[in-house]
Amino acid sequence: MQQPISPAQQHRDNLAVEMKEASRVTIIGMILDAVLGIIKVIAGALFHSQALIVDGIHSFTDVASDLVVLGVMKVSRQEPDEDHPYGHQRIETFGTLVLGSILIAVGAALAWENTLRLIEGGVETVPGWPVLVAAAASVVGKEWIYRYTRQVGLAIRSDLIIANAWHSRTDAFSSVVVVVSTAGAMLGLVWLDVFAAVIIAGIIIHIGWKFTWDSVKELVDTGLSPEDTEMLKSIARDTDGVRNVHELRSRRMGHDILLDIHLVVRPEISVSEGHQIGMQVVSGMRDALDNIRDINFHIDAENDEDQPPTSERLPSREDIRAILARHLGELPQHSRLRLHYLKNKVHLELFLDEPETKTPFTSENIRDQLRDYPWFGSIRVWVAGGP
């Protein structure tokens with residue numbers, strides 16, 4: 001009989017599969033980018049198209065970003081360890097930030113250079129027809145690799161792979177601009193070629209800024225959208241046993257979501273029942289969002305948002321047993337003491353295995369002895385076989 005796979009082993013297997021898929025699609029894209037970059041730069045230089053040269057440089061930035069992706073994915077898909085108990089996905093976020101910054105820098109340099117050329121004028125050379133062929137081939141190739149890469153990125157839930165896919169599509173967009181500008185230049189609007197180079201550079205800057213800003217928001221622990229947050233709160237409130245939800249905090253790590261939530265339950269239930277209610281909430285939230293990696297829930301007996309939180313200075317169990325022993329003697333050996341810390345008071349429940357008439361631990365005696373303590377709230381005594 002086959003042994004069930006542990007969650008930890010399943011996680012390791014998933015990381016290995018995801019790394020393999022990410023590496024394959026990235027290497028394929030890198031080879032395509034290198035081939036297209038060489039073709040476009042050579043064709044642009046030989047047949048007088050500044051726009052195609054810029055487009056070729058854009059393809060070489062894709063090669064650089066592919067190398068970044070390969071390195072980052074190898075590190076970010078490692079298992080959690082002692083130093084990184086939540087995993088290494090933030091390295092992927094940092095890699096996306098670096099990728100976006102590279103795009104912004106390259107785009108800005110190209111935009112500046114070609115804007116100066118456009119202002120200075122003097123552009124008279126008409127691009128040749130091979131420019132159209134090279135640009136059209138780039139459009140087809142880059143659109144294909146975009147769709148393939150994005151499909152893999154969604155399957156393995158990697159924002160970095162998805163970002164790299166969009167980087168490929170910007171190359172396809174820029175090649176479309178080259179096709180249009182070259183056709184216009186061949187019809188007499190020679191300046192369109194340089195103008196197209198500026199537009200392509202602007203596209204590169206825009207995509208780079210989007211990647212960079214999204215990564216910054218994640219690195220500073222930006223939470224889920226208000227809509228998703230309210231949806232998760234509603235799931236918790238609708239769970240049987242939950243009286244209220246008074247805090248829900250979220251943050252992202254790569255594509256994963258980490259949650260902290262405070263659940264208000266009835267104060268008299270057991271610890272195990274409170275934990276079970278929390279697990280029901282966890283199950284409902286995971287059904288709603290499949291990329292939730294970790295949920296820490298805190299069980300509250302009262303809503304401390306509407307009133308001062310229960311003081312940390314209230315007496316402990318051992319303190320209370322010592323006070324009772326000082327006033328009434330040691331508690332019977334088989335008795336059980338249950339404490340409820342509510343509204344800055346301690347409410348006691350005492351469970352006895354002998355009739356109340358044979359013990360000094362009656363409700364009246366305990367109440368008389370503890371009434372002058374500021375922390376005392378109430379007392380209930382339960383006797384085995386009694387009322």
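Per chain, residue numbering runs from 1 following the sequence as it is written. pLDDT decides what is reported in this predicted model: residues at 70 or higher carry local features, side-chain atom pairs at 80 or more are listed and counted, and totals for whole chains, interfaces and linings draw on all residues regardless. Side-chain numbers here rest on the full set of heavy atoms in the structure, without hydrogens or water.

As recorded by an unreviewed UniProt entry, the protein carries the name Cation diffusion facilitator family transporter and is attributed to Marinobacter metalliresistant. As stated in UniProt under Sequence similarities (unreviewed entry), the record for the protein gives "Belongs to the cation diffusion facilitator (CDF) transporter (TC 2.A.4) family. FieF subfamily." UniProt positions are given in the numbering used here, feature names are shortened, and annotations may be inferred rather than shown by experiment. The Subcellular location (unreviewed entry) comment attached to the protein in UniProt states, word for word, "Membrane".

Draft legend 1. Summary view of helix α7 (residues 226-237). The end-to-end C-alpha distance of α7 is 16 Å, a good match for the 16 Å that 12 residues give at a rise of 1.5 Å each. Of the residues making up α7, those classed as buried are Thr 229, Leu 232 and Ala 236. Across the axial projection of α7, the buried residues extend over an arc of 65 degrees, all falling on one side. For α7, the exposed residues lying more than 90 degrees away from the buried face are Pro 226 and Glu 227. Residues count as neighbours in contact if any of their non-hydrogen atoms are within 4.5 Å of one another. Runs of H or I in DSSP of at least four residues are treated as helices and runs of E of at least two as strands, each being numbered from the N terminus. For α7, the elements touching its buried residues are β1 (244-253), β2 (256-264), α8 (271-288) and β3 (292-300). By this rule the span expected of a helix is its residue count minus one, scaled by 1.5 Å. Remark: exposure states derive from per-residue accessible area (1.4 Å probe, protein chains only) relative to the maximum for the residue type, with buried under 20%, exposed over 50%, and partly exposed in between. By definition, the arc is the one covered by directions from the helix axis to the C-beta atoms.

Draft legend 2. A look at the UniProt feature "transmembrane region" (unreviewed entry) in the protein. Those residues carrying the UniProt feature "transmembrane region" (unreviewed entry) are residues 25-47, 94-112 and 176-209 in this numbering. The distance separating the terminal C-alpha atoms of residues 25-47 is 32 Å; by composition the span is 96% helix and 0% strand. The annotated region residues 94-112 carries 100% helix and 0% strand content, and the separation between its end C-alpha atoms amounts to 27 Å.

Draft legend 3. Main features of the packing of helix α4 (residues 129-156) against helix α5 (residues 159-186). To get an axis, a line is fitted to the C-alpha atoms, and for a helix only the part in contact is used. The angle between two axes follows their N-to-C directions and goes from 0 to 180 degrees. Where α4 contacts α5, the two axes come as close as 7 Å, and the packing angle between them is 160 degrees. On the basis of the axis angle, α4 is roughly antiparallel to α5. You can see that α4 and α5 cross each other, and the crossing is left-handed. For this classification, the nonpolar set comprises Ala, Val, Leu, Ile, Met, Phe, Trp, Tyr, Cys and Pro, the charged set comprises Asp, Glu, Lys and Arg, and every other residue, Gly included, is treated as polar. Grouping the amino acids of the contact of α4 with α5 by side-chain chemistry returns 20 nonpolar, 6 polar and 6 charged. Just so you know how the angles are binned, under 35 degrees is roughly parallel, over 145 roughly antiparallel, 65 to 115 roughly perpendicular, and the rest oblique. The sense of a crossing depends on the near helix, which, turned anticlockwise from the far helix by less than a right angle, makes the crossing left-handed and, turned clockwise, makes it right-handed.

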